[in-house]
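Chains, contacts and geometry: an overview
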Amino acid sequence: MRKAITIDFDGCLCTDAFPAIGKPNWPVISRAKAEQRAGAGLILWTCREDQLLLDAIAACEDWGLTFDAVNESLPDWIEAFKNRPRKVGASEYWDDRAAQIPSISQFFVHGPGDDSIELIESFPCEEAALKPCPFCGSIRVFYERYNSVVGERWRCWCADCLAGIDPGYAQSWGTVQDMWNRREPGGAVNG
């Protein structure tokens, strides 16, 4: 059964400006698109109704994001489980109000090869450590190794506020580590 991801709208796909449409949250939108390219089904999961819901769907389409379902389980999940429960069935729930749970140390969005993204929560060596997020203070900061048209690249980002560094040219984790670890609280760059 394919991976199903429910994604909240206000505060997750965009800044929370309800009932207006907030500014797009490009890191979340980009990650959702990558998951979809890798075969995951995306579900828009929101309390918006009627015209407010239609406005949210239109905004997502303007941002290049389409969904396989809206406020219900994926059609293939409904078929497989032979039910349509009120709780949307999914492998992952992306929501700005979600409680943090322990995460795995490494996973692939797709797999080795084109369009793959490898998320690395921790390295076994201390010299690869990333400092807490300078914006929100979270210690949930990840390395990400991904393939681009010019080869393997590295970036890092905070799992809580989604602040990140992706210079586009980093061919090793050390390059982004140096950039990330120079940042001081408040977003200033040291050095």
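In this text the structure is predicted, and so the values were computed from the model without any measurement. By convention here, each chain's residues receive numbers from 1 onward along its written sequence. Only residues with pLDDT of at least 70 get local features here, since the model is predicted, and only at 80 or more are side-chain atom pairs given and counted; chain-wide, interface and lining totals rely on the full set of residues. Water and hydrogen atoms were dropped before computing side-chain values, which therefore reflect all heavy atoms in the structure.

**What to know about the overall build of the protein chain**
A run of DSSP states H or I qualifies as a helix once it reaches four residues; a run of E qualifies as a strand once it reaches two. Both are numbered from the N-terminal end. Scanning the protein chain for helices and strands turns up 4 helices and 9 strands. Its helices and strands taken in sequence order, the protein chain reads β-α-β-α-β-α-β-β-β-β-β-β-α from the N to the C terminus. To sort residues, take the accessible area from a 1.4 Å probe on protein chains only and compare it with the maximum for the residue type: under 20% means buried, over 50% means exposed, and anything in between is partly exposed. Relative to its 191 residues, the protein chain shows a buried fraction of 39%. Any pair of residues with heavy atoms lying within 4.5 Å of one another is described as a contacting pair. For the protein chain, the share of sequence-separated contacts (at least 6 apart) that also reach a separation of at least 24 residues comes to 57%.

**Things to note about the pattern of salt bridges**
Every case where a carboxyl oxygen of Asp or Glu lies within 4 Å of a side-chain nitrogen of Lys or Arg is listed as a salt bridge. Enumeration according to the criterion identifies 9 salt bridges in this entry. When the shortest N-O distance is used, the salt bridge between Asp-76 and Arg-2 registers 3.1 Å. Placement of Asp-76 in helix 3 (residues 75-81) and of Arg-2 in the segment before strand 1 (4-8) is noted, with a sequence separation of 74 residues between them. Asp-76 gets classed as partly exposed once you look at its relative accessible area, which sits at 30%.

**As for the packing of aromatic side chains**
Centres within 6.5 Å make a pair out of two Phe, Tyr or Trp rings, where for Trp the six-membered ring is used; the pair is then stacked when the planes are under 30 degrees apart, edge-to-face when over 60, and tilted otherwise. Evaluation of the coordinates by the stated rule reveals 6 aromatic pairs. Summarising the aromatic geometry, the rings of Trp-45 and Tyr-93 are spaced 5.2 Å apart at their centres and angled 55° between planes, so their arrangement reads as tilted. One end of the pair, Trp-45, is in strand 2 (residues 41-45); the other, Tyr-93, is in strand 4 (residues 92-94), and 48 residues separate them in sequence. Through pairs of rings, three or more aromatic residues link up here, namely Tyr-143, Trp-154 and Trp-173.

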